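Inside the fold
Chain by chain, the residues run as shown.
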Amino acid sequence: MRHTLASMKPGESAVIDSFTDHEMSLKLIEMGCTPGELIKVNNIAPMGDPIAISVSGYLLSLRINEAATVLVRPVPLT
Amino acid sequence: MSEQYSALKVALVGNPNSGKSTLFNALTGLNQKTGNFPGVTVDKKVGITRITGKTGRIGWASIVDLPGTYSLQPKSADEEVTCEVLQDTSNPDYPELIVVVVDATNLKRNLFLVTQLIELERPVIVALNMIDLAGTTANIENVKLLSERLGVPVVPVSARNQLGITDLKQLLASPVMPSLKKFTEPNVNQAIENIERYNAISVLVNDIVSKQAQHESVTFTQRLDKILTHRIWGFAIFLVVLFFIFQSIFYIAAFPMKWIEQLFIQFSVWGNMHLPKGELSELLVNGILAGLSGVVVFIPQIALLFGFIAILEDTGYMARVSFIMDKLMRKFGLNGRSVIPLMSGVACAVPAIMGARTIGNWKERLVTIMITPLMSCSARLPVYTLLISLIFPPAKHIGFFNVAGLMLMFLYLIGFVAALTVALIMKYIIRSREKSYFIMELPVYRSPRWTNVLYTIYEKVKVFLFDAGKVIVAISVILWVLSSHGPAGKFAEIEKKHEQEADSKQIVASEKLQASYAGILGKTIEPVIKPLGFDWKIGIALITSFAAREVFVGTMATIYSAGNADNTQSIREKMMTEKNPVTGEPVYSKAVGFSLMIFFAFAMQCMSTLAIVKRETKSWKWPVVQFLYMGVLAYGASFVVYHLFR
């Protein structure tokens, strides 16, 4: 079972790998969430949903069910 | 003079939160108009600005402010309009020149749209905005590099600080050649094409974007967000903000409201003294002037509430409100963004319902529109105030709390609860297969731009005055006509009957009212409203206030002063002394008072709202549904309350 954005905790970073939903991916890519891009989870709304992430130099919020379509891989150790 | 040069057609495009509106306001000032794109409920703002070319020739540019969008691949009605205007040569707003506003602190994402626009092969100018926050990105060398690589002129500006505006205007006046650059190959798989576009953009900005990980404005925003969207503090702070706004509106607005009332009373006294006696003067003073006063008196409240909401939007806090409230709202079939129309509805449902346009999903937007009128609007306040003062002595307290104040809060609360309940029901009744998106940018926090706030207030008040106000004044006039005229001969009969009596003025006035058309209407509906505890006089007021709620108080004034020729005793005192002719008991008992208040809380009594709902949903079906469901709710609740307290 691969790791998705939905399962990340605040403070965690990852690199976007791919998407599981084509339509959703179009919206996300348009907003700068491209494969290879570094993202970091900043905080989670009071009821656990939606979440706020840092991507491409700005802050983006999205629902858990939207985040679940984003497959991520760990940040490479440099 | 200006007929010789037709205005240059310019389209202003850009991401949401890129400062596009600020730039539009800086360019056009008050020379702007808000309307609608034909066939869709999307705002259209057009403005004019003077441009002076290098040769000194003065011309005009007509600028269309297109809805903010992230790309030319439309995913909402807003974005579809933008695409159409930019690509359909037969569209009336098809521009000769495109100005795209770019947030310099977010260059990569903004360039996604810019590169798509350039590929349209039309003249494009990039207005690189927010240079004051962008650090080295906006250096002269970098700006030149960017311009070369894109193949279009790039003008550094700071719309908030009025920097670079003249440079931009000068550029508008000069010929701009379209760039022939391409950034990606068209691909059937849009995802791949988009990823390639971003790759091309990354290369393009590689040495331009400053190397620091993120801007300090972003870091500050993240820190503030930890508190403002905190599990517990986030909600608490939001409630405090709400409480503060509503308290301010009631207290601060009270002063200008009093002045306006006094002003209109002066006009009315002056009119009665100086205008020649007769039908026309009566119409002018008691019909039109009275109606106008009922509309104008609400402007302070409405201006204040929309002012506060505009400030919250401009600072970026509103996005956090949607963020915090989204999960809760979704339980009721609404969207985090539904909070804004619901809050605005406490001032006036008409501009509030127009604010629901920011909700992309059709079902969520429809439900928001259907329930917004249940939020107690400004017009209900005078009705509540009058009825509460009839029942509770103003100084009565339970411990620390003022009873009248508590009652008022309760009425507002019950409107909100009803709204959520109805939303929940509609969630399960209305079918929709459309996906609901939340993906939303959280803009960095910044201090509000006061001119933006003022423009917004001005626009919303205009909507209230002209859309809602027209109807209200018209209804007031009709009411006056109905209550001061009756079937032929009746009035003369009444006067004759009491000719010989000494102090007959009051009785004559009262009987005249009963005989008037308004009185006949009231008597006709009395059987229907009796179960709710209402008599025919209340009946008349209910009929007239079905067009606009605040007309209730004016109607009461008319009924009691038209029924009493001296006008000196205040409405409240007259109502309190009114006794039921059959039982001898006071008409306005606790039960009747509560029943009437609940009726006003739930009934759809606003023609202006119905008109706006029809326009926003593009069908008569929904306003009819709204009128019926609210009517049933009001009647039922009223009935229960009346019998509970008898």
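Model, not experiment: these values are computed from the prediction.

1. Quick look at the overall build of chain B
Scanning chain B from terminus to terminus reveals 26 helices and 10 strands. With the C-alpha coordinates aligned to their principal axes, the bounding extent of chain B is approximately 95 × 60 × 45 Å. Relative to its 646 residues, chain B shows a buried fraction of 44%.

2. A word on the overall build of chain A
On a plain count of helices and strands, chain A comes out with two helices and five strands. When the helices and strands of chain A are listed from N to C terminus, the series reads β-α-β-β-β-α-β. Taken against the 2.2 N^0.38 rule, which gives 12 Å for 78 residues, the C-alpha radius of gyration of chain A at 11 Å falls within 12% of a compact globule. Counting only C-alpha atoms and orienting by the principal axes, one finds that chain A spans roughly 30 × 30 × 30 Å.

3. Details of the interface of chain A and chain B
At the junction of the two partners, chain A supplies 28 residues and chain B supplies 34 residues. Residues that form the side of chain A that touches chain B fall into these classes: 14 nonpolar, nine polar and five charged. As paired strands, strand 4 (residues 58-62) of chain A and strand 10 (residues 440-442) of chain B are joined by three bridges and run antiparallel to one another. Bridge pairing in strand 10 of chain B links L59(A) to L442(B).

4. Some points on helix 21 (residues 536-545) of chain B
For helix 21 of chain B, the buried fraction is high: nine of the 10 residues fall into the buried class. Regarding helix 21 of chain B, the residues found buried are W536(B), K537(B), I538(B), G539(B), I540(B), A541(B), L542(B), T544(B) and S545(B).

5. What about the confidence of the model for chain B?
Residues and elements named next belong to chain B. Model confidence for chain B is summarised by a mean pLDDT of 84, while 93% of its residues fall at 70 or above. The element-level mean pLDDT for chain B is lowest in helix 22 (residues 551-562), coming to 67, with strand 5 (residues 97-103) highest at 95. Among the prediction metrics, the complex's ipTM stands at 0.94, with pTM recorded as 0.83.

6. Digging into the packing of helix 15 (residues 380-391) of chain B against helix 24 (residues 590-602) of chain B
Residue and element names in this part refer to chain B. Relative orientation of the contacting elements helix 15 and helix 24 amounts to 170 degrees, with a least axis distance of 9 Å. Classified by the angle between their axes, helix 15 and helix 24 sit roughly antiparallel to one another. Seen from helix 15, the contacting residues are R380, V383, Y384, L387, L390 and I391; seen from helix 24, they are K590, G593, L596, M597, F600 and A601.

7. A short note on the nonpolar core
Residue and element names in this part refer to chain B. Within the largest apolar cluster, 187 residues are counted, with the highest numbers of intra-cluster contacts made by L12, V100, V126, A127, L128 and F602. The element best represented in this core is helix 17 (residues 450-484), accounting for 12 residues. With residues near it in sequence (within four places) discarded, L12 still touches K20, F24, I63, V64, D65, L66, V99 and V101.

8. Considerations on the sheet that holds strand 5 of chain B
Residues and elements named next belong to chain B. With mixed pairing, seven strands are arranged side by side in an open sheet as 2-3-4-1-5-6-7. Two strands in the sheet have a free side with no partner beyond their single neighbour: strand 2 (32-36) and strand 7 (154-156). Pairwise comparison of adjacent strand axes, ignoring direction, gives a mean angle of 25 degrees for this sheet. In the sheet, strand 2 pairs with strand 3 (residues 43-52) via five bridges, with the strands oriented antiparallel.

9. Remarks on the pairing of strand 3 (residues 51-55) of chain A
Residues and elements named next belong to chain A. Counting buried residues in strand 3 gives four out of five residues, a clear majority hidden from the surface. Taken together, the five bridges between strand 2 (residues 38-44) and strand 3 define a ladder with antiparallel strand orientation. By the bridge assignment for strand 3, I39 is matched with V55. Remark: six residues form the turn of the hairpin made by strand 2 and strand 3, two consecutive strands paired antiparallel; G48 in that turn has positive phi of roughly 95 degrees. Sheet analysis places strand 3 next to strand 4, joined by five bridges and oriented antiparallel. If you follow V55 over to strand 4, its bridge partner there is Y58. Linking strand 3 to strand 4, which pair antiparallel, is a turn of two residues; within it S56 sits at a positive phi near 50 degrees.

10. Regarding unusual backbone geometry
For the bond running from D49(A) to P50(A), omega is 0 degrees, close enough to zero to count as cis. Note on placement: P50(A) falls in the loop between strand 2 and strand 3. One non-glycine residue, E121(B), adopts positive backbone phi at about 60 degrees. Within the secondary structure, E121(B) is located in the loop between helix 3 (107-118) and strand 6 (124-129).

11. Some words on the packing of helix 9 (residues 279-296) of chain B against helix 17 of chain B
Helix-helix packing: each pair is described by the crossing angle between the helix axes and the interaxial distance. Residue and element names in this part refer to chain B. Two elements in contact, helix 9 and helix 17, have axes whose closest approach is 8 Å; the angle formed by their N-to-C orientations is 145 degrees. The two elements helix 9 and helix 17 meet at a crossing, and its hand is right-handed. Packed against helix 9, whose contacting residues are L283, N286, G287, I288, A290, G291, L292, G294 and V295, the element helix 17 presents L465, G469, I472, V473, S476, V477 and W480 at the interface. Taken together, the residues that form the contact of helix 9 with helix 17 break down as 10 nonpolar, six polar and no charged.

12. A look at the sheet that holds strand 1 (residues 13-19) of chain A
The strand order 5(A)-1(A)-2(A)-3(A)-4(A)-10(B) describes an open sheet built from six strands, whose pairing is antiparallel. The sheet is open, and its two edges are formed by strand 5 (70-73) of chain A together with strand 10 of chain B, each paired on a single side. In this sheet, neighbouring strand axes are inclined to one another by 45 degrees on average, regardless of whether the strands run parallel or antiparallel. Along the sheet, helix 11 (residues 317-331) of chain B contacts strand 3 and strand 4 of chain A together with strand 10 of chain B; its crossing angle with strand 10 of chain B, the most-contacted strand, is approximately 125 degrees.

13. Some remarks on helix 26 (residues 621-645) of chain B
All names here are of chain B. Between the first and last C-alpha of helix 26 there are 36 Å, a value that for 25 residues agrees with the 36 Å anticipated at 1.5 Å per step. Regarding helix 26, the residues found buried are P623, Q626, M630, L633, A634, S638, V641 and Y642. If you follow the buried residues of helix 26, they end up packed against helix 14 (362-371), helix 24 and helix 25 (607-617).

14. Comments concerning the environment of M440(B)
Relative to the elements of secondary structure, M440(B) occurs in strand 10. C-alpha separation for the pair M440(B) and S322(B), spaced 118 residues apart in sequence, amounts to 9.6 Å. Beyond its immediate stretch of four places on either side in the chain, M440(B) contacts S61(A), A319(B) and S322(B).

Rules used throughout
- Residues numbered from 1 in each chain as written.
- Chains lettered and ligands numbered in written order.
- Predicted model: local features only at pLDDT ≥ 70, side-chain atom pairs only at ≥ 80, totals over all residues.
- Helix = DSSP H or I, 4+ residues; strand = E, 2+ residues; numbered from the N terminus.
- Buried ≥ 20, exposed ≤ 12 C-beta atoms within 10 Å, placed from the backbone.
- Rg over C-alpha atoms; globule rule 2.2 N^0.38 Å.
- Contact = placed C-beta atoms within 7 Å.
- Nonpolar A, V, L, I, M, F, W, Y, C, P; charged D, E, K, R; others polar.
- Pairing = 2+ DSSP bridges.
- pLDDT = per-residue confidence, 0-100.
- Axes fitted to C-alpha atoms, helices over the stretch in contact; angles between N-to-C directions.
- Parallel < 35°, antiparallel > 145°, perpendicular 65-115°, else oblique.
- Core = buried A, V, L, I, M, F, W, Y, C linked by C-beta atoms within 7 Å.
- Left-handed = near helix turned anticlockwise from the far one by under 90°.
- Expected span 1.5 Å × (residues − 1).

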